[in-house]
Amino acid sequence: MNFPEPGDYIDIHNHGANAVPGIFTIETLMAHENREPENIKGLTYSFGIHPWHLDENSHDHLISCVIINAVNPDVALIGEAGFDRIKGPSLELQRKTFEEQVKIAKEHKKPMVIHCVRAWDDLLQEHKKLKPQMPWLVHGFRGKPDLAQQLVSKGMYISFWFDFVMKPEAIPLLKSVPKERFFLETDGAGINIMDIYNKVSDDLDISVEELKRTMFLNFNQFFKGIP
Ligand SMILES: [Zn+2]
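Read on for an overview of the structure. All values reported here derive from a predicted model rather than from experimental measurement. (Residues numbered from 1 in each chain as written. Predicted model: local features only at pLDDT ≥ 70, side-chain atom pairs only at ≥ 80, totals over all residues. Heavy atoms only, no water.)

## A closer look at the pairing of strand S1 (residues 9-14)
On a regular strand, each side chain points to the face opposite its neighbour's, so the side chains alternate between the two faces of the sheet.
Okay, so step 1: Where burial is concerned, most of S1 is hidden: six out of the six residues are buried.
Okay, so step 2: Pairing between S1 and strand S2 (residues 23-30): four bridges, direction parallel. Looking at S2, one finds that Tyr-9 is bridged to Ile-23. (Buried < 20%, exposed > 50% of the residue type's maximum accessible area, 1.4 Å probe, protein only. Helix = DSSP H or I, 4+ residues; strand = E, 2+ residues; numbered from the N terminus. Pairing = 2+ DSSP bridges.)

Written out as structure tokens, the structure reads:
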């Protein structure tokens, strides 16, 4: 896998990213999209089954795509995978597919990126049951500080929802998450990661350079142990 350079802006979760000098991006490949990772400077990839794009008919094919791509060294993470109680197939199928992906992540010693909508109990139960050795990154987070604390206490990392993080209301949440446990993302929304860094560094009363250093250390910590 590719790693960021010190001084890069890190966009931990994006869709449809291009390589941009000074920005290091994790590009999300969803199994149903039939896209493959390429070794491009400034990009690395996650590969997995998004619960929105899963059903009984496609399940076997999608899992075989994850199995095939998980061995690719340019695939740094498995996911986004997880639970959605608003949109997607039955919870039973979501759970089965999630557990299969956790197993694949374990075999290849890759961390996971998690999509979770109104299914925190389901996610926490799975974490308790499966005791994953590789860390989980919950992306698109905009929950309460208490919930963030709970996830962090289980060893998870949090990436804030791009839209929420730009609002003044995000400050209590931003301040409540230990700085060694969070990331920033654009999630395919076409917004500029630099604007997010500016806003978050203001909120936390630190410089953009310091925020970049923190994100760089977090990245290396999160991917520690990757073969
Ligand atoms: Zn996404």
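Additional details are given in the paragraphs that follow.
## Considering the coordination of the zinc ion
Okay, so step 1: Surrounding the zinc ion are the protein donor atoms His-13 (NE2), His-15 (NE2), Glu-80 (OE) and Asp-187 (OD), which sit 2.1 to 2.3 Å from the metal.
Okay, so step 2: Coordination at the zinc ion is irregular, judged from the four donor atoms that bind it and the angles of 88 to 179 degrees they form at the metal.
Okay, so step 3: Overall, the relative accessible area of 1% leaves His-13 in the buried class. (Donors = N, O, S within 2.8 Å, 3.2 Å for Na, K, Ca; no water. Tetrahedral: all angles 85-135°; square planar, octahedral: opposite > 155°, others 65-115°.)

## A look at the pairing of strand S7 (residues 157-160)
Okay, so step 1: Neither face of S7 is exposed, since Tyr-157 and Ser-159 on one face and Ile-158 and Phe-160 on the opposite face are all buried.
Okay, so step 2: Where strand S6 (residues 136-141) lies against S7, three bridges are found, and the strand directions are parallel. Looking across to S7, one finds that Val-138 is bridged to Ile-158.
Okay, so step 3: After leaving S6, the chain enters helix H4 (residues 145-153) and then returns to the sheet as S7, a path that is right-handed.
Okay, so step 4: Strand direction decides the pairing type here: S7 and strand S8 (residues 182-183), joined by two bridges, are parallel. Within S8, the residue paired with Ser-159 across the bridge is Phe-183. (Right-handed = clockwise from strand over helix to strand, strands pointing away.)

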